[in-house]
Amino acid sequence: MNSIVITAVIVIGIVGLIIGVLLGIASIVFAVKVDERVQAVYEALPHFNCGSCGYPGCQGMAQGLINSEVPISNCKPSKPEGRQKIKQILDSFEIKNSLT
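Attention here is on the structure that accompanies the text.

The rules we used
In this numbering scheme, every chain counts its residues from 1 along its sequence in written order. Given that this is a predicted model, residues contribute local features only at a pLDDT of at least 70 and side-chain atom pairs are listed and counted only at 80 or more, while totals for whole chains, interfaces and linings are drawn from all residues. Hydrogens and water molecules were not included; the side-chain quantities draw on all heavy atoms of the structure. Only runs of H or I of at least four residues qualify as helices and only runs of E of at least two qualify as strands under DSSP, and these elements are numbered from the N terminus. Here the globule rule is a power law, 2.2 Å times the number of residues to the power 0.38, and the radius of gyration is based on C-alpha atoms. Relative accessibility under 20% of the residue-type maximum defines a buried residue, over 50% an exposed one, and the middle range a partly exposed one, all with a 1.4 Å probe and only protein chains included. Contact between two residues is taken to exist if any of their heavy atoms lie within 4.5 Å; hydrogens are not considered. All accessibility values rest on the Shrake-Rupley procedure with a 1.4 Å probe; residue burial counts only the protein chains present in the view. The charge count treats Lys and Arg as positive and Asp and Glu as negative. His and the chain ends do not count. Charge placement uses NZ in Lys and CZ in Arg. For Asp and Glu, CG and CD serve respectively. Note: the arc covers the axis-to-C-beta directions of the helix. In this description, a nonpolar core means a group of buried Ala, Val, Leu, Ile, Met, Phe, Trp, Tyr and Cys residues linked to one another through side-chain atoms lying within 4.5 Å. Polar contact is the term for a pair of N or O atoms within 3.5 Å; when the atoms are in protein, one must be able to donate a hydrogen and the other to accept it, and sequence-neighboring residues count only if both atoms are side-chain atoms. Any two cysteine sulfur atoms within 2.5 Å of one another count as a disulfide. Note on definitions: angles span 0 to 180 degrees between N-to-C directions of axes, and those axes are lines fitted to C-alpha atoms, for helices only across the stretch in contact. Working definition: roughly parallel below 35 degrees, roughly antiparallel above 145 degrees, roughly perpendicular at 65 to 115 degrees, and oblique for all remaining angles. Polarity classes work like this: nonpolar for Ala, Val, Leu, Ile, Met, Phe, Trp, Tyr, Cys and Pro, charged for Asp, Glu, Lys and Arg, and polar for all others, with Gly in that last group. Crossings are classed by handedness, with left-handed meaning an anticlockwise turn of the near helix from the far one by less than a right angle and right-handed meaning a clockwise turn.

Some thoughts on the overall build of the protein
Across its full length, the protein holds 4 helices and 0 strands. Ordering the α and β elements of the protein from the N terminus gives α-α-α-α. Relative to the globule expectation of 13 Å for 100 residues, the C-alpha radius of gyration of the protein, 23 Å, shows a markedly less compact shape. Overall size of the protein, expressed as C-alpha extent along the three principal axes, is 75 × 25 × 20 Å. Out of the 100 residues belonging to the protein, those deemed buried represent 23%. Looking at the protein alone, contacts between residues at least 24 apart form 53% of all its contacts between residues at least 6 apart. When the accessible surface of the protein is split by element, carbon and sulfur atoms take 65% of a total near 7,000 Å². Counting 8 positive and 7 negative side-chain charges, the protein places the centres of these two groups 5 Å from one another.

With respect to helix H2 (residues 36-44)
Among all positions of H2, only Val38, Val41 and Ala44 are buried. One side of H2 carries all its buried residues, which in axial view fall inside an arc of 125°. Opposite the packed face of H2, turned more than 90 degrees from it, sit the exposed residues Glu36 and Glu43. Where the residues of H2 are buried, they touch helix H3 (58-66) and helix H4 (80-92).

Let's talk about the nonpolar core
If you look at the biggest cluster of nonpolar residues, it comprises 17 residues, and the most contacted ones within it are Val41, Leu45, Met61, Leu65, Ile66, Ile86 and Leu90. Where this core is concerned, the elements lending two or more residues are H2, H3 and H4. For this core, the element with the most residues is H3, which contributes 5 residues. In this structure, Leu45 is in contact with Cys58, Met61, Ala62, Cys75 and Ile86, ignoring residues within four places of it in sequence.

What to know about the side chain of Ser78
Relative to the helices and strands, Ser78 is located in the loop between H3 and H4. Within the structure, Ser78 has its side chain in polar contact with the side chain of Arg83 (distance 3.0 Å).

Digging into the state of the cysteines
When the sulfur atoms of two cysteines share a covalent bond, that bond is a disulfide. Inspection of every chain in the model, using the stated rule, returns 0 disulfides. Looking at Cys50, it has no disulfide partner, and the nearest cysteine sulfur is the one in Cys53, 6.2 Å off.

Focus: the packing of H2 against H4
When two helices pack together, their arrangement is captured by the angle between the axes and the distance separating the axes. Relative to each other, H2 and H4 sit at 170°, their axes nearing to 9 Å. When the interaxial angle is binned, H2 and H4 end up roughly antiparallel. On H4, the residues touching Ala40, Val41 and Ala44 of H2 are Lys85, Ile86, Ile89 and Leu90. For the contact of H2 with H4, a count of residues per class yields 6 nonpolar, no polar and 1 charged.

A word on the packing of H2 against H3
Packing of H2 against H3 leaves a shortest axis separation of 8 Å and a crossing angle of 120°. What the angle tells us is that H2 and H3 run oblique. In the packing of H2 onto H3, the handedness of the crossing is right-handed. Contact with H2, carried on its side by Arg37, Val38, Val41 and Tyr42, involves Cys58, Gln59, Ala62, Gln63, Leu65 and Ile66 of H3 and no other residues of that element. Residue composition of the contact of H2 with H3, by class: 7 nonpolar, 2 polar and 1 charged.

Okay, structure coming up:
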């Protein structure tokens, strides 16, 4: 009986090790690159995800601002100082948002 338990523990340990290594490799191969510009703008948004800007959430609005598809004023819940911060971020990345 003890040899069966030891064998099972060894087999499960080896399978777990193999799966762990494969998951580690997969996380490197399939890593998603995040645009730092979008992340910076997203952090300056109010995170209400209300959709009043025409996007399903603040992440979409941030992407739209980076692509100059939407004016900053479309974010209704943001305050003037928040809009100014977003404008400064866009200027620092040299993104000309002519829609502001």
